[in-house]
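# Coordinate analysis (summary)
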Amino acid sequence: MHPIGWHDLATATQGRLVPANAWGRCAQISTDSRSLQRGDVFWALPGEHRDGHDFAANAVTNGAALVVCQSGRAAEIPGPKLVVGDTLAALGRLARWHRRRHEALIIGVTGSVGKTTTKELIHAALSRQFRGRRSPGNYNNLIGLPKSLLELTVEDEFAVLELGASREGDIRALAEIAEPEVGVITAIGKSHLASFGSVEGIIRGKGELLEALPATGFAVLPGDDPVLRDMASRARCRALFVGQRPNNDIQAGDVEFTAMETSFTVAGQRFSVALPGPALLTNALCAIAIAHDIGVPLELIAEGLEDFQPLQGRGAVQVIGAWTVIDDCYNASPTSVEAACRRLAMFPTSPRGRRYAVLGDMRELGPDAAAEHQRLGRLLSELPVDGLLALGQHARDFADGALRGGWRPGRIVATESLDVLLTVLDCWLEPQDTLLVKGSRVMQLERVVDWLRARAEHEGRFELRRSA
């Protein structure tokens, strides 16, 4: 972050310095009093469980040069402070002020699934010709997005930002801060149904990105999906459609899926991307559409996409000990779980190897939760998969679907106990097996991957001792 004088900080946030003659420069913002560095500005944000104002005094003791606080808590905070009406809103105002001082092309990405992967693909497609950045991890809310924008420098020519939403109005609020010129909607699916209320609510909410784009910008949409194609009318700017059908601006042909990659041709150029499946194809085509539209040659885009590697927990394939693990445990929705199960079914195995799905609850589905888990359990029973280990409150629903699909009970474990699941997995696992690990973030299924690593390490040591 480029240093900002405290008086500029006050102007950008519509705040008031106390004392009025306080002077300094802000080079780094921290929202955690435990990890801030001496000289940082501590931004006291109210949270669902903790309020940053309660830790402001600790922040000052730990070296914070300035505290940004709300007027109702200012009297209790020592040292220089910037007093604002709402610290979260002030952070957004500062980010918008900083964004307007830079010429970088701002690209906003939203959708029910695939946001982070698409963001990474866009960055890969552009980076062979332009310098830019993308929001780290899933910095996609009213705290993460401003932090991402504040990292912009004069050298950046583009920034790809993920915009998340759990209810109508969320995308609008984020777009007011980021002011994107290019907007991508990856897909519409049953994600955050409990807070959106319906698929129609999701469509309205995600479409807020299109409404925020300026007339001089452009939107990129999956054109093979009639719902998304119809959404283009909400944008004041032009829309580019991507897909496999002839009526798309960027059309993929000669598409091939393997367990490890997707390959296809666009306008005579062959592309290969290290993730499989129709959803990945759409995400990659969105990246190609943006890069091609702003002047990156197709051959450079292909080189960039070939360098793309899936992030940990988002479909990356790992060899752990004697097993192949599809680590897709970061999050889950009906759309993404179905795609992941179909991918598992594509994985080649040895004659002795088996395929297992380790699935955790898909959260925030509201009244559709039981039916969606049952549907995916039944889908799994129709695929060449050997067993299901389900964890969570809806584990029984996964199991019911698989049983209705004809599986015998011995192929299924349904439990709310991670220890029980791992005990059974310990009994089932054999060398050359392949596992899919996937569930909503709250399920923390990375614990299964960590357990696999620990078991592989233990078995490795045992083999060494035995061979000695």
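Residues numbered from 1 in each chain as written. Predicted model: local features only at pLDDT ≥ 70, side-chain atom pairs only at ≥ 80, totals over all residues. Heavy atoms only, no water.

Time to look at the overall build of the chain. The helix and strand tally for the chain stands at 17 helices and 23 strands. Considered along the principal axes of its C-alpha atoms, the chain spans approximately 75 × 55 × 50 Å. Taken over 468 residues, the chain has a buried fraction of 53%. Counting only contacts in the chain whose residues sit at least 6 apart along the sequence, the fraction spanning at least 24 positions is 63%. When the accessible surface of the chain is totalled, it reaches about 20100 Å², and 49% of it is carbon and sulfur. Put simply, the chain has 51 plus and 56 minus side-chain charges, and the middle of one group is 3 Å from the middle of the other. (Helix = DSSP H or I, 4+ residues; strand = E, 2+ residues; numbered from the N terminus. Buried < 20%, exposed > 50% of the residue type's maximum accessible area, 1.4 Å probe, protein only. Contact = heavy atoms within 4.5 Å. Areas by Shrake-Rupley, 256 points an atom, 1.4 Å probe, with all protein chains shown as cover. Lys, Arg positive; Asp, Glu negative; His and termini not counted. Charge placed at Lys NZ, Arg CZ, Asp CG, Glu CD.)

Attention now goes to the pattern of salt bridges. Counting across every chain of the model gives 29 salt bridges. Of the charged contacts, one joins Lys 119 and Glu 120 as a salt bridge, the two residues approaching to 3.8 Å between their closest N and O atoms. Each member of the pair, Lys 119 as well as Glu 120, carries the same accessibility label: buried. The partner of Asp 433 in a salt bridge is Arg 354, and the shortest N-O contact between them spans 3.5 Å. Separated by 79 residues along the polypeptide, Asp 433 in the loop between α16 (418-428) and β23 (434-438) and Arg 354 in the loop between α13 (334-346) and β20 (355-360) bring together distant segments of the chain. (Salt bridge = Lys/Arg side-chain N within 4 Å of Asp/Glu carboxyl O.)

This part takes up the packing of aromatic side chains. If you walk through the whole model with that rule in mind, you get two aromatic pairs. For the pair Phe 264 and Phe 271, a centre-to-centre distance of 5.4 Å together with 15 degrees between the ring planes defines the contact as stacked. No difference in accessibility class separates Phe 264 from Phe 271, as the two residues are buried. The ring centre of Phe 241 lies 4.1 Å from the NZ or CZ of Arg 229, which sits over that ring. (Phe/Tyr/Trp six-rings, centres within 6.5 Å; stacked < 30°, edge-to-face > 60°. Lys NZ or Arg CZ within 6 Å of the ring centre and 35° of its normal.)

Moving on, we come to the sheet that holds strand β21 (residues 387-391). The strands making up a sheet are joined through hydrogen bonds of the backbone, oriented either antiparallel or parallel. Strand order across the open sheet formed by six strands is β18-β19-β23-β20-β21-β22, with mixed pairing between neighbours. Two strands close off the open sheet at either side, each with one partner strand: β18 (316-320) and β22 (412-415). Averaged over all neighbouring strand pairs, the angle between strand axes comes to 15 degrees, with direction disregarded. Contacting β20, β21, β22 and β23, α16 runs over the sheet at an angle of about 165 degrees to β21. (Pairing = 2+ DSSP bridges. Axes fitted to C-alpha atoms, helices over the stretch in contact; angles between N-to-C directions.)

When you line up the elements, His 53 lands in the loop between β5 (41-43) and α2 (56-61). Of note is the side chain of His 53, whose polar atom sits 2.8 Å from the side chain of Asp 51. Each residue touching His 53, except ones within four places of it in the same chain, is listed here: Ala 44, Pro 46, Cys 69, Gln 70, Arg 73, Ile 77 and Thr 87. (Polar contact = N/O pair within 3.5 Å; in protein donor to acceptor, adjacent residues only side chain to side chain.)

This brings us to the confidence of the model for the chain. In this model, the chain carries a mean pLDDT of 93, and residues with pLDDT of at least 70 account for 98%. Taken as a whole, residues 462-468 scores under 50 in pLDDT and shows zero contacts with residues more than four places along the chain or in a different chain. (pLDDT = per-residue confidence, 0-100.)

What follows concerns helix α6 (residues 170-178). Of all the positions in α6, only Ile 171, Leu 174, Ala 175, Ile 177 and Ala 178 are classed as buried. Taken end-on, α6 shows its buried residues confined to a sector of 155 degrees, consistent with a single buried face. Packed against the buried residues of α6 are α3 (87-100), β8 (105-110), α5 (144-149), β10 (158-162), α8 (199-206) and α9 (208-212). One or two residues past the end of α6 sits Glu 179, with phi positive at roughly 45 degrees. (Arc of directions from axis to C-beta.)

The side chains of a regular strand alternate, first on one face of the sheet and then on the other. In the sheet, strand β16 (residues 262-266) pairs with strand β17 (residues 269-273) via five bridges, with the strands oriented antiparallel. Across the sheet, residue Thr 262 finds its bridge partner in β17, namely Val 273. Remark: two residues form the turn of the hairpin made by β16 and β17, two consecutive strands paired antiparallel; Ala 267 in that turn has positive phi of roughly 50 degrees.

What follows covers the packing of helix α11 (residues 278-293) against helix α12 (residues 298-306). Two numbers describe how α11 lies on α12: the axes approach to 10 Å, and their chain directions differ by 140 degrees. In this view, α11 runs oblique relative to α12, as classed from their interaxial angle. Note on packing geometry: the crossing formed by α11 with α12 is right-handed. Contact with α11, carried on its side by Ala 284, Ile 288, Ala 291 and His 292, involves Leu 298, Ile 301 and Leu 305 of α12 and no other residues of that element. Split by residue class, the contact of α11 with α12 holds six nonpolar, one polar and no charged. (Parallel < 35°, antiparallel > 145°, perpendicular 65-115°, else oblique. Left-handed = near helix turned anticlockwise from the far one by under 90°. Nonpolar A, V, L, I, M, F, W, Y, C, P; charged D, E, K, R; others polar.)

This brings us to the nonpolar core. Counting residues in each nonpolar core, the largest one holds 51 residues, and the members touching the most others are Leu 9, Trp 43, Leu 82, Leu 94, Leu 149 and Leu 210. Once residues lying within four places of it in the same chain are set aside, the contact partners of Leu 149 are Ala 95, His 98, Arg 99, Ile 106, Leu 161, Ile 177 and Ala 178. Of all hydrophobic cores here, the second largest spans 39 residues; its members include Ala 124, Val 273, Leu 298 and Leu 305. (Core = buried A, V, L, I, M, F, W, Y, C linked by side-chain atoms within 4.5 Å.)

Quick look at the state of the cysteines now. This model, assessed by the stated rule, comprises zero disulfides. As a non-bridged cysteine, Cys 286 has Cys 237 as the owner of its nearest cysteine sulfur, 14 Å distant. A relative accessible area of 0% places Cys 286 in the buried class. (Disulfide = S-S within 2.5 Å.)

Next up on the list: a nonpolar patch on the surface. A cluster of nonpolar residues, Leu 88, Leu 142 and Ile 143, forms a patch on the protein surface that exposes about 190 Å² of accessible area. Structurally, Leu 142 is set in the loop between β9 (132-134) and α5. (Patch = residues over 30% accessible without salt bridge, like charges linked within 9 Å, V, L, I, M, F, W, Y side chains within 5 Å.)

Between helix α1 (residues 6-13) and α3, the least distance of the axes is 8 Å, while the angle of their chain directions is 110 degrees. On the basis of the axis angle, α1 is roughly perpendicular to α3. Of the residues in α3, those in contact with Asp 8, Leu 9, Ala 12 and Thr 13 of α1 are Ala 90, Arg 93, Leu 94 and Trp 97. The residue makeup of the contact of α1 with α3, split by class, is five nonpolar, one polar and two charged.

Moving on: the sheet that holds strand β2 (residues 16-18). Taken in spatial order, the five strands line up as β2-β7-β6-β5-β4 in an open sheet, and their pairing is mixed. One side of each edge strand has no neighbouring strand; the edge strands of this open sheet are β2 and β4 (29-30). Bridge analysis of β5 against strand β6 (residues 66-70) gives three bridges, and the strand direction is parallel. For Val 41, the partnering residue across the bridge sits in β6 and is Leu 66.

Within the secondary structure, His 373 is located in helix α14 (residues 369-381). Setting aside its immediate chain neighbours within four residues, His 373 contacts Asp 361, Met 362, Leu 365, His 394, Asp 397 and Phe 398.

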